[in-house]
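What follows is each chain in one-letter form.
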Amino acid sequence: MTFAQIQGNEDVKQALTGMVDEGRIPHAILFHEDDGGGAFPVALAFLQYLFCRERSGGDSCGRCPSCGKIGRLIHPDVHFVFPTAAGTLSEQYLEPLRRLVAERPAFREAELIDALGIEGKVPVIAVAESRRLLEKLSLSALEGGWRAVVIYLPERMNAEAANRLLKIIEEPPAQTQFLLIAHQMERVLPTIASRCQRIRVRAAGASAAPEFADAGLLDELMDALLARDLQGALDVADRVAGLPSRESAKSFCTFAAERLRQVFLAQQGIEGVGEISPQARGWAARCRKTFPRQALEVLDRTQTLIGRNVNLKILFTDMTDRLFLLI
């Protein structure tokens, strides 16, 4: 993957090549994208540029052995970490990842879960992954140059796993580069995020924000919750449970999570990382600052249980009760 093959994000590409050309590369870079926004190919293009010994004109050559290995995700000194089923490691799923990237470099999170064959399970980056990664980084680079770690969705990393990686992310060995790709910045452990240079990657062309046909349902639910009207909120929950399909119910959760991410950004005064809707700004002024983070965990749990065929009426009633206690 070369920079020339990536549409858009010209400012990002210029910044990344400038870091390498000037020899001022942050030890850890955190790319923030909307789901499917193209940060993964940007990360690969950056690594090709960093590792390539024949780069010129602001891009890697795309032909040398190093470029070929990185492009096919087989370079021995580039390690990939991503959420998997509990009790498994990323290295066990490298082949499905390679096939997915070859077909759709700017893949969505759901496409990765499908490719790995772990639908219905809670994907996580567990502490065993951190231990394995630290073992690998304790050894010398096999090709004698740079080493890199790409962590896809660090927000899926549990606290113990993240804490084990804090020191090495802050002070990595020489010529070791960390690249993290997050969708929900508010769920990335602050101690991890604070050790990284943050870069926003935007989808080429259209926005990658989720679409949901019945957006008014979320407006009604939030209005009822903020008014402390539990019965009204439960009435809305019944209507959500009555959506035409489980996929529609999942879409509601995805849409709600995106709006709550906007609430978090508005409360924190963070601009320039995506559009914040008027509704989200209004909710931000009225709910607790702890609400967005905690509510996202509730929505994540709800979406997972939808995939496990839990009764939707029971599920959305439980979700609403939990949100009522948090707001």
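I will try to describe carefully the structure that is included in this document.

What counts, and at which threshold
- Residues numbered from 1 in each chain as written.
- Predicted model: local features only at pLDDT ≥ 70, side-chain atom pairs only at ≥ 80, totals over all residues.
- Heavy atoms only, no water.
- Helix = DSSP H or I, 4+ residues; strand = E, 2+ residues; numbered from the N terminus.
- Buried < 20%, exposed > 50% of the residue type's maximum accessible area, 1.4 Å probe, protein only.
- Contact = heavy atoms within 4.5 Å.
- Areas by Shrake-Rupley, 256 points an atom, 1.4 Å probe, with all protein chains shown as cover.
- Lys, Arg positive; Asp, Glu negative; His and termini not counted.
- Charge placed at Lys NZ, Arg CZ, Asp CG, Glu CD.
- 1 Å grid on protein atoms, 1.4 Å probe; cavity = no way out; pocket = protein on both sides within 12 Å on 5 of 7 lines; lining within 4 Å.
- Points joined across faces, edges and corners; volume = space filled by probe spheres on them.
- Core = buried A, V, L, I, M, F, W, Y, C linked by side-chain atoms within 4.5 Å.
- Salt bridge = Lys/Arg side-chain N within 4 Å of Asp/Glu carboxyl O.

### Examining the overall build of the protein chain
Each helix and strand counted, the protein chain has 14 helices and five strands in total. Taken along the three principal axes of its C-alpha coordinates, the protein chain extends 65 × 40 × 35 Å. Going through the 327 residues of the protein chain one by one, you find that 52% of them count as buried. Considering only residue pairs separated by 6 or more positions, the protein chain has 76% of its internal contacts joining residues 24 or more positions apart. As presented, the protein chain carries roughly 14800 Å² of accessible surface, and 49% of it is formed by carbon and sulfur atoms. Here the protein chain contributes 39 positive and 41 negative side-chain charges, whose respective centroids are spaced 4 Å apart.

### Remarks on helix α9 (residues 216-226)
Those residues of α9 not exposed but buried are Leu217, Leu218, Leu221, Met222, Ala224, Leu225 and Leu226. The elements touched by buried residues of α9 are α10 (230-241), α11 (246-268), α12 (278-286), α13 (291-306) and α14 (312-326). Downstream of α9 by a residue or two, arginine 228 has a phi angle that is positive, lying close to 60°.

### Topic: unusual backbone geometry
Residue leucine 73 is not a glycine yet carries a positive backbone phi of 60°. Tracing the backbone through its elements, the reader meets leucine 73 in the loop between α3 (65-71) and β2 (78-81). The buried category is assigned to leucine 73, whose relative accessible area is 4%. The backbone of glutamine 175 shows a phi angle near 55°, a positive value even though the residue is not glycine. Within the element layout of this structure, glutamine 175 appears in the loop between α7 (159-170) and β4 (176-182).

### Some words on empty space enclosed by the protein
Any empty space left between the atoms is revealed when a probe the size of a water molecule rolls over them. Going through the model one piece at a time under the given rule, you end up with three cavities of 30 Å³ or more. Looking at the largest cavity, its volume works out to about 70 Å³. Around the largest cavity, the lining residues are His79, Phe80, Val81, Ser90, Glu91, Glu129, Arg132, Leu133 and Lys136. Elements supplying a minimum of two residues to the lining of the largest cavity: β2 and α6 (127-137). If one sorts the elements of the lining of the largest cavity by residue count, α6 sits on top with four residues.

### Section: the nonpolar core
Here is a general trend for soluble globular proteins: nonpolar side chains tend to be buried in one another's company. Counting residues in hydrophobic clusters, the biggest one holds 44 residues, and the most contacted among them are Met222, Leu225, Phe252, Phe291, Phe316 and Met319. Of all the secondary structure elements, the ones that give two or more residues to this core are α9, α10, α11, α12, α13 and α14. No other element matches α11, which puts ten residues into this core. Not counting the four nearest positions on each side in its chain, phenylalanine 252 is found in contact with Phe212, Leu217, Leu218, Leu221, Val240, Leu243, Phe316 and Met319. Of all hydrophobic cores here, the second largest spans 42 residues; its members include Val20, Tyr49, Ile181 and Ile199.

### Description of the pattern of salt bridges
Close approach of charged atoms allows side chains of opposite charge to pair. Evaluated as defined, the whole model comprises 23 salt bridges. Here aspartate 34 makes a salt bridge to arginine 200, at a shortest N to O gap of 3.1 Å. With a gap of 166 residues between them, aspartate 34 in the loop between β1 (28-32) and α2 (39-51) and arginine 200 in strand β5 (residues 197-200) connect regions that are remote in the sequence. With relative accessibility at 16%, the residue aspartate 34 sits in the buried group. Two residues, glutamate 91 and arginine 132, come together in a salt bridge whose shortest N-O distance is 3.4 Å. With glutamate 91 in the loop between β2 and α4 (94-103) and arginine 132 in helix α6, this pair connects stretches of sequence that are 41 residues apart. The class for glutamate 91 is partly exposed, based on a relative accessible area of 31%. Each of the salt bridges in this network shares a partner with another, and the network as a whole consists of Asp34, Arg200, Glu258 and Arg261.

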